[in-house]
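Here is what each chain is made of, one letter per residue.
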Amino acid sequence: MVMAIASIESTMASSSSSSSILTMHHDIIHTHILTRLDATTLASTSATCSHLRHLCRDNHLWKKMAATTWPSLLDPAICHVISTFPNGHRSIFSDSFPALHYYSSHSNHPLSPPSSELISAVDIHYKGKPVFSRIRQTKTEKNMFLSSPLWIEIMEPNELVPMPVKYVRKEEEWIKHLEDNLCLSWILIDPTGKRSMNVSSQKSVSVRRHWLTRDVEILFSVIMEGETRRATEMVQCMVKVTCCGKVGGELHVREVNLVMENMDGGNVSGREGVGILMKAMEFGDRKKVGEEGEMKMRFERFLNLVRERRERKFRRKKQWDGFSMVVAFVVCVWFCYLAGF
Amino acid sequence: MAQEASSSTSSKTISLKTGDGEIFEIEASAAKQMKTVQRLIDDLGDDITIPLHNVFSKELPKIIEYYKKDITGEITKDFEAEFVKDLNDDEVKVLFLAANYLDANKLFEFLSQNIADRLESKSVEYVRKYFGVENDFTPEEESKLREERAWSFRGIKEDE
């Protein structure tokens, strides 16, 4: 605690000198008040006056805040990467704290050269407390990665991580409980472009049980603009968390992975997926989610689009099959006629 | 000057004189929690009324009330909530600065958190008024700042 009895005694006029609180006590305000503010309040405080702006720009404040919000960012390798960003940990907040909105067409904008590596920082919170944190570095230039469907797996094979969530039998209540109390953030960091973004919907868009294995699948999704080709006009960036457990015991996380789906319901390739992600990172808007359930609504709308496309395709195929049969029949009759039957 | 001749510390009281000349009594064990007071006692002796030039009669009783509860180990979340319930922002600020002057760590930490809680999700104008600062940005700087912190416009209580 700062103790400067003499200086305080000589300058403090009266007990209600609130107008000079900042001038005389900026050190205690910085050390004891600013360190306790949340990210939103710190941002507001930095816009009050130039003196407070200077105090609020201290990267230590934002580093501490980032570590509290996303414990995965405590990893030393990630800290080092973020320290090379122009605004350090403050830029992580401006890029990854709000939701990503990337819908308007930017496919004609020239893109910076793609990064050779993407870092994923994943945190799961249950009832506001962190229960799972992991990072994963993904090399994006390997042929295997580029030619296969985009897939980033956070956990090791056969790994199981317990979560302090009871596994119960009663379906609906429990599924609602998980929907309301589980949050996931998946921050993708581009170390070369020095940007980041959150590709999760924060709250889940769907919780369901696998019909055969009875594993619980929790989905988080962000819809974004893809390439202009039909099937990838819009794509869904989906995080799937698969959990298992014994009734009465704790839920165990088995898999946490990121995939990208197109409007045909198929998977987007690594090459195309990385291109879309890089564009979203550079051009996407970061702003608050409008209303409760907005991300879930978008997810359901996307599912409907996929279903409609599939049905349209099926109808077209049936029509085409019917047409082909008619043509084949006519051709057959014609040949028979020519052959003199 | 009310001081008992008994050598037992628990019944000994210390006299504190505020900047506006009023005298308050506090138990020696409670005075120990305020390092500034303890230092003054060590320098001046415990027979003398300890002068506190920068603490006034409005706030010292509240501080004494807090530490009276503290030495009996009865400080709970409910007590703390009750303690600040009827205090306005200025009163909390004054107590905060007094606790800093007195080096009263526990109260200081509690009030720091309370101030942070009071500022949570408040608008820029509210925070300005709270710290008593003037907006010294140009309109261009303000609009750039607004753009920079657009990501944080979530759950702000008052209109920006």
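Our structure is the block above this text.
The sections below set out a description of the structure shown in this document. (Residues numbered from 1 in each chain as written. Chains lettered and ligands numbered in written order. Predicted model: local features only at pLDDT ≥ 70, side-chain atom pairs only at ≥ 80, totals over all residues. Heavy atoms only, no water.)

1. Here we look at the overall build of chain A
Okay, step 1: Looking only at helices and strands, one finds eleven helices and 13 strands in chain A.
Okay, step 2: For chain A, contacts bridging at least 24 residues in sequence account for 64% of all contacts bridging at least 6.
Okay, step 3: Just so you have it, chain A exposes about 17,300 Å², and 58% of that area is on carbon and sulfur atoms. (Helix = DSSP H or I, 4+ residues; strand = E, 2+ residues; numbered from the N terminus. Contact = heavy atoms within 4.5 Å. Areas by Shrake-Rupley, 256 points an atom, 1.4 Å probe, with all protein chains shown as cover.)

2. Some remarks on the sheet that holds strand β2 (residues 23-27) of chain B
Backbone-to-backbone hydrogen bonds pair the strands of a sheet. The strands run either parallel or antiparallel.
All names here are of chain B.
Okay, step 1: If you walk across this open sheet you meet the three strands as β2-β1-β3, and the pairing is mixed. A single partner strand is all that each edge strand has here, and the edge strands are β2 and β3 (50-52). Mean inter-strand twist for the sheet, computed between neighbouring axes without regard to direction, equals 35 degrees.
Okay, step 2: As judged from the three bridges shared by strand β1 (residues 13-18) and β3, these two strands associate in the parallel manner. Pairing of Leu16 across the sheet is with Ile50, part of β3.
Okay, step 3: Its contacts with the sheet place helix α2 (residues 35-44) against β1 and β3, and it is angled at close to 140 degrees to β3. (Pairing = 2+ DSSP bridges. Axes fitted to C-alpha atoms, helices over the stretch in contact; angles between N-to-C directions.)

3. Considering the packing of aromatic side chains
Residues and elements named next belong to chain B.
Okay, step 1: This structure, assessed with the given rule, holds 15 aromatic pairs over all chains.
Okay, step 2: Ring centres of Phe83 and Phe110 lie 6.3 Å apart, and the angle between their planes is 55 degrees; on these two criteria the pair is classed as tilted. A residue pair is termed long-range when its members are at least 10 positions apart, and Phe83 in helix α4 (residues 77-85) and Phe110 in helix α6 (residues 105-119) qualify at 27 residues. Each member of the pair, Phe83 together with Phe110, is buried.
Okay, step 3: An aromatic cluster of at least three residues, connected via ring pairs, comprises Tyr66, Tyr67, Phe79, Phe83 and Phe110.
Okay, step 4: Of note, Lys62 hangs over the ring of Phe83, and the distance from its end group to the ring centre comes to 4.4 Å.
Okay, step 5: The ring of Tyr126 has Lys122 sitting right over it, with the charged end atom 4.9 Å from the ring centre. (Phe/Tyr/Trp six-rings, centres within 6.5 Å; stacked < 30°, edge-to-face > 60°. Buried < 20%, exposed > 50% of the residue type's maximum accessible area, 1.4 Å probe, protein only. Lys NZ or Arg CZ within 6 Å of the ring centre and 35° of its normal.)

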